[in-house]
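Descriptive structure summary
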Amino acid sequence: MPTFIVEVKDAAGKTSKEKVKAIDEAQARSVLINRYPTILQVKKDPFDIDFSEISANMTAITVKDKAVFSRQFSVMINAGVAIVRCLGVLSDQCPNPKLKRALIRISDDVQQGVSLTDSMRKHPDCFDKLYVSMVDAGEVGGVLDQVLDRLALLLENMQRLANQVKSAMTYPVAVGFLATVVFFAMTIFLIPIFAGIFQDLGTELPALTSFMLWLSGIMRSWKILIPIVVAIAAVVALKQYYKTPVGCRQIDKLMLQLPLLGDLNRKTAVARFCRIFGTLTRSGVPILSCMDIVRDTAGNQIIADAVDSAKGDIQEGGMISVALEERDVFPALAIQMMSIGEETGELDAMMLKVADFYDDEVEQTVKALTSIIEPIMMVGVAAMVGVILLSMYLPMFAVFDELG
C-alpha cells in the first residue's frame with residue numbers, strides 16, 4: 001500500500017506529521033482521526049515507490065479471473081455469508097493483484113454504506129458495464145447469488161469459446177513460425193556456402209539460383225531492415241486507422257466478408273450477442289439496457305451499429321426480431337428463433353439456445369478450418385524448402401550435363 005504524509009494537530013495545538021500506509025487519502029484520515037482531533041493535510045509521500053501498486057496496474061484481469069471470483073462470490077452469498085465478509089475472504093485469496101486491490105476498495109466502500117453496484121462501478125478496468133448491470137439487477141431483485149452464478153456461467157462459456165479458437169490456431173501459428181525460421185536460416189547461412197562453390201564452377205547460373213543468391217545478399221545486409229520497418233509501420237498505421245470510427249467500421253465489415261473467416265467471425269459475434277442478451281434478460285435487466293450493453297460488448301462495429309439502430313424501433317414498440325431482421329446482419333435462423341422466443345414469452349431461454357447452437361457451429365467451423373489449413377501449411381513448408389534446395393542444386397546439374 002502507498003504511504004501518506006498526514007499533517008495533524010493534537011489537543012495542545014501542536015502540529016506534527018505522521019506517516020501512514022493506506023489504500024487512499026480517506027483511509028489515511030480514518031487511521032489517525034481517533035488519535036488527533038484535527039487533520040490538516042493529507043498527501044502522498046513523493047519518495048515512496050509502491051511496487052505492488054505498479055505491479056497491479058500492469059496486471060491484466062482475465063475472463064477466468066472474473067469467472068472464478070463470480071462463482072466463489074455466488075456460493076458464499078448463497079450460504080448466507082455477509083457481502084463484506086465475502087469480499088474480505090475473496091480479496092485475501094485473490095491471486096491477481098489488480099483484482100485484489102479493487103476488491104479491498106470495494107469492501108471498504110460497502111462497509112461505509114455504498115451499494116455493491118456503485119462500488120464496482122468505480123473500477124471499470126475490473127468490472128465492465130455488463131458485469132455492473134447484472135450485479136445491479138441482482139441487488140435490486142434480491143437474487144444476487146443467482147445473478148453471480150449466471151455471470152460465472154456466461155464468463156466461462158465466453159472463455160471456453162475463446163480457448164477453442166486459440167487452441168485451433170496454435171498449430172498453424174507454430175508451423176508458420178517454424179517455416180519462417182527455417183527459411184531465414186537456410187537463406188542466410190546455407191546459401192552463402194553454396195555461393196562460393198558456384199563461383200568456382202564458373203558456369204552461368206539459372207535464374208532461380210541467381211534470384212536466391214540476390215535474396216540472400218539482401219537478407220544479410222542492412223537492406224533487410226527496409227521491409228521490416230515498412231511492415232511495422234503498416235501494422236501501426238492499421239491499428240491507428242482501426243481506432244477511427246470510419247476505419248473500425250470498414251475493417252469490421254471486411255472481417256465479416258472474408259472467405260471462410262467471415263462466416264466464423266459472424267457466428268462468434270451472434271453467439272456472444274445471444275448469450276449476453278439472454279443472460280441479461282434472465283437476470284432482470286430491462287430490454288433497452290440490454291441493447292446498450294450488448295452493443296458495447298458485440299466485438300464488431302457492424303453488429304454494434306445494427307443493435308444500436310434496432311434499439312430505436314424497439315423503443316417505439318417494435319419486436320426485437322423484426323428490428324434486427326431489417327438490419328440484415330444476423331443469420332435467418334437466429335432471427336427466427338428470436339421471433340419464436342418473443343411469441344412464447346421465453347426470449348431469454350431461446351436466446352441462450354441460439355447461443356449454444358452457434359457456439360457449436362463455431363467449434364465445428366474452427367475444426368474444419370484447421371483441417372484445411374494444416375495440409376496447406378505442410379505443403380507450403382515443403383515447397384519452400386524444396387525451392388531453396390532446388391536453386392542450390394540446379395547449377396550442379398548443369399555442370400554434370402556439360403561433363404557428361
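Every value quoted in this text rests on a predicted model; they were computed, and no experiment measured them. (Residues numbered from 1 in each chain as written. Predicted model: local features only at pLDDT ≥ 70, side-chain atom pairs only at ≥ 80, totals over all residues. Heavy atoms only, no water.)

**A closer look at helix α16 (residues 332–344)**
- The end-to-end C-alpha distance of α16 is 19 Å, a good match for the 18 Å that 13 residues give at a rise of 1.5 Å each.
- Of the positions making up α16, those classed as buried are A334, I335, M338, S339 and G341. What you see down the axis of α16 is that its buried residues fit within an arc of 160°, all on one side. Residues of α16 that are exposed and point over 90 degrees away from its buried face: A332, E343 and T344.
- Where α16 ends, the next residue or the one after it, G345, has phi of about 75°, a positive value. (Helix = DSSP H or I, 4+ residues; strand = E, 2+ residues; numbered from the N terminus. Expected span 1.5 Å × (residues − 1). Buried < 20%, exposed > 50% of the residue type's maximum accessible area, 1.4 Å probe, protein only. Arc of directions from axis to C-beta.)

**Here's the deal with unusual backbone geometry**
- You will see that D328, though not glycine, has its phi angle at about 55°, which is positive.
- Relative to the helices and strands, D328 resides in the loop between α15 (320–325) and α16.

**Here's the deal with the nonpolar core**
- One finds F69, F73, M120, F127, F273 and F330 to be the most contacted residues of the largest nonpolar core, which totals 64 residues.
- In terms of residues, this core owes the most to one element, helix α12 (residues 261–282), which gives 8 residues.
- With residues near it in sequence (within four places) discarded, F127 still touches F69, L99, L103, I106, M120 and V132. (Core = buried A, V, L, I, M, F, W, Y, C linked by side-chain atoms within 4.5 Å. Contact = heavy atoms within 4.5 Å.)

**Considerations on the side chain of D252**
- Mapped onto the elements, D252 comes out in helix α11 (residues 245–257).
- Salt bridges are absent for the buried D252, whose nearest opposite-charge side chain, R249, sits at 8.4 Å.
- Polar side-chain contacts of D252 include one of 2.8 Å to the side chain of Y242.
- Each residue touching D252, except ones within four places of it in the same chain, is listed here: Y242, N300, Q301 and I302. (Lys, Arg positive; Asp, Glu negative; His and termini not counted. Salt bridge = Lys/Arg side-chain N within 4 Å of Asp/Glu carboxyl O. Polar contact = N/O pair within 3.5 Å; in protein donor to acceptor, adjacent residues only side chain to side chain.)

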